[in-house]
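If you want the building blocks of each chain, they are given just below.
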Amino acid sequence: MSFGWGQTPAEPSLEPVSDVPAQQSQLQRMEATKARANELYKNGELEQALGLYREGLGLAVEGSEETAELVGALHLNSALMLQKMGLHEEALVHCSSAMSFPKHQNKAFFRQGQAQQALGRLGAAKSSFESARDLDPQSTEIRRALKAVKKEIERQGQTFSWGDSSVGASPKPNPNPNPSVGTEPELSDKPLSSKFGKVDSWSEIRNYYFVDDDSDHFSLVQVTIPLEHIHQISPTDISIRFEPRSFVLHVLDLGGLNLRMIADPLFGEIDPTKCKMRIKPNKIVLQMPKGPRSLSRPWEKLRIN
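None of these values were measured; they are calculated from a predicted model.

Asker: A description of the overall build of the protein chain should follow, citing residues and the corresponding values.
Answerer: For the protein chain, the helix and strand inventory stands at nine helices and eight strands. Total accessible area computed for the protein chain in this model is approximately 15,400 Å², and 49% of it derives from carbon and sulfur atoms.

Below, the structure written as C-alpha cells:
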C-alpha cells in the first residue's frame, strides 16, 4: 500500500505485547510485535498498527546490536503510518530517528522527502530525495519522486498550474452572496437538494486520513472520515458529489452541526462513475477508483492545496 488522505474491515482486538511468551528473546518479541502490526496495516487499521510499531520500539534495549536494525525498520513503519494518517510532522521525527541506522538511510530520506512534500516544503523534499537517490541510485521509486518534486517546483515558479486545464483554470464565481457559506469554488453546476441548499453556514471537516492502495497498481484511493454517531442519522442527511478532480461531502445536523468537506483539486484524477460512499459505525468511508491519467501513480496527499 502507498500513502497515505472504502471500506475497512472491523477492527480486531489487540493482544498486549506482554502476551508474547516471556522465554522469547528481545529480538523475537520485537519481531512478533512487528508481524502483528504488519497484519493490521494490511487490513487498513493504521492507528492500531502504529501503536504496535511503537510498542515494538519500546521493547528495544538501548545499545543492543541484536535489535538495532529492527529499531530502524520500526521507525520507518511508524513514519509510514503517520504519513497515511496525514500526520506528516510526526512522521518526520521517526524518519530522523531511522537515519541513525545505515541500512535504512535511503528509505528514511525517501519518506522524509514525501512528508516534506506533503507539507509544502518542496526545496527540502528535493534535497531529501537527492540524498535517497545517492544512497540507492537504482531505485525507480526514488527517481520518480525526485522528478515529480522538481516539476512541482518548476510549476510553482510559473503561473500556478498543475498541468490540468480543469485544475489550473480560474474558479467559477460563487453565486451565493452569503459569506458565511465560504469562498470555495463551486464543484459543479448541479445544485444541492433544497434542504442542503437552505443551510447558511457549514463547519469544515478536517479530520480524515487516506490510503492509496497499491494492491492493484495504485488504482484505488480510500478516504476515511471519522465522525462520531454518523451511522445513527438518516442517510438522506448525507450528500456526496464526486467529480474527476474533486469531491464535496455535506452532513446535516450531526451533533447540532452542519458539516462539509471540500477536496478540490484532488492530487489526481478519479472516476466519478465508480466512486462509492459507505457509512460505517462512527465513520464515512469513500472508495475512489482512479481515472486513466492517475493509474499506476501513487498519491502523496489527498488534495493539492
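Asker: Mind laying out the pattern of salt bridges, listing which residues take part and the relevant values?
Answerer: In total, this model carries nine salt bridges according to the counting rule given. For Lys274, the salt bridge identified is with Asp271, shortest N-O distance 4.0 Å.

Asker: Which residues make up the pairing of strand β8 (residues 283–289), and what values do they have?
Answerer: Counting buried residues along β8, seven of its seven residues qualify, which places the element largely inside the surrounding structure. Looking at chain direction, strand β3 (residues 220–226) and β8 are connected through seven bridges and run antiparallel. Bridge assignment links Thr224 to a residue of β8, and that residue is Val285.

Asker: Explain the packing of helix α5 (residues 105–118) against helix α6 (residues 122–135) to me, using residue names and the numbers behind them.
Answerer: It is the contact of α5 with α6, at a shortest axis distance of 8 Å, that shows an interaxial angle of 160°. Our classification of the angle between α5 and α6 gives roughly antiparallel. For the pair α5 and α6, the sense of crossing is left-handed. Seen from α5, the contacting residues are Gln105, Asn106, Phe109, Phe110, Gln112, Gly113, Gln114, Gln116 and Gln117; seen from α6, they are Leu122, Ala124, Ala125, Ser128, Phe129, Ser131, Ala132 and Leu135. In the contact of α5 with α6, the residues fall into eight nonpolar, nine polar and no charged.

Asker: Go over the sheet that holds strand β1 (residues 203–204), please, and point to the residues and values.
Answerer: The four strands lie next to each other as β1-β6-β5-β4, forming an open sheet whose pairing is mixed. In this open sheet, the two strands that pair with only one neighbour each are β1 and β4 (238–243). As paired strands, β4 and strand β5 (residues 246–254) are joined by six bridges and run antiparallel to one another. If you follow Glu243 over to β5, its bridge partner there is Ser246.

Asker: Outline helix α1 (residues 26–42), supporting the account with residue identities and numerical values.
Answerer: Between the first and last C-alpha of α1 there are 25 Å, a value that for 17 residues agrees with the 24 Å anticipated at 1.5 Å per step. For α1, every residue scored as buried is listed here: Leu27, Arg29, Met30, Thr33, Ala37, Leu40 and Tyr41. All buried residues of α1 fall inside an arc of 160° around its axis, so they share one side. Positioned one or two residues after α1, Gly44 has a phi angle of 85°, which is positive.

Asker: Any chance you could break down the pairing of strand β6 (residues 257–263) for me, citing the residues and the numbers?
Answerer: Looking along a regular strand, one sees the side chains alternate between the two faces of the sheet. Of all the seven residues making up β6, five are buried; the element is thus mostly covered by neighbouring parts of the structure. Two strands pair when backbone bridges link them, and β1 and β6 are joined in this way by two bridges, in the parallel orientation. Bridge assignment links Ser203 to a residue of β6, and that residue is Leu259. A loop of two residues connects β5 with β6, the two strands running antiparallel in sequence, and Gly255 in this loop sits at a positive phi of about 65°.

Asker: Pulling in residues and values, what's your account of the environment of Arg133?
Answerer: Assignment of secondary structure puts Arg133 in helix α6. Judged by relative accessible area, which is 28%, Arg133 ranks as partly exposed. The sequence separation of Arg133 and Phe109 amounts to 24 residues, and the corresponding C-alpha distance is 8.9 Å. Discounting residues that sit within four places of it in the chain, Arg133 has contacts with Ile142 and Leu146.

Asker: Provide a residue-level description of the confidence of the model for the protein chain, including the pertinent values.
Answerer: Of all residues in the protein chain, 76% attain a pLDDT of 70 or more, and the chain-wide mean is 77. The spread of mean pLDDT over the elements of the protein chain runs between helix α8 (residues 165–168), the lowest at 30, and β5, the highest at 93. Counted against residues more than four places away or in other chains, residues 1–23, with its pLDDT under 50, gives 74 contacts. Within the model, pLDDT remains below 50 along residues 158–191, and this stretch shows 47 contacts once partners closer than five positions in the same chain are excluded.

Rules of the game
- Residues numbered from 1 in each chain as written.
- Predicted model: local features only at pLDDT ≥ 70, side-chain atom pairs only at ≥ 80, totals over all residues.
- Heavy atoms only, no water.
- Helix = DSSP H or I, 4+ residues; strand = E, 2+ residues; numbered from the N terminus.
- Areas by Shrake-Rupley, 256 points an atom, 1.4 Å probe, with all protein chains shown as cover.
- Salt bridge = Lys/Arg side-chain N within 4 Å of Asp/Glu carboxyl O.
- Buried < 20%, exposed > 50% of the residue type's maximum accessible area, 1.4 Å probe, protein only.
- Pairing = 2+ DSSP bridges.
- Axes fitted to C-alpha atoms, helices over the stretch in contact; angles between N-to-C directions.
- Parallel < 35°, antiparallel > 145°, perpendicular 65-115°, else oblique.
- Left-handed = near helix turned anticlockwise from the far one by under 90°.
- Contact = heavy atoms within 4.5 Å.
- Nonpolar A, V, L, I, M, F, W, Y, C, P; charged D, E, K, R; others polar.
- Expected span 1.5 Å × (residues − 1).
- Arc of directions from axis to C-beta.
- pLDDT = per-residue confidence, 0-100.

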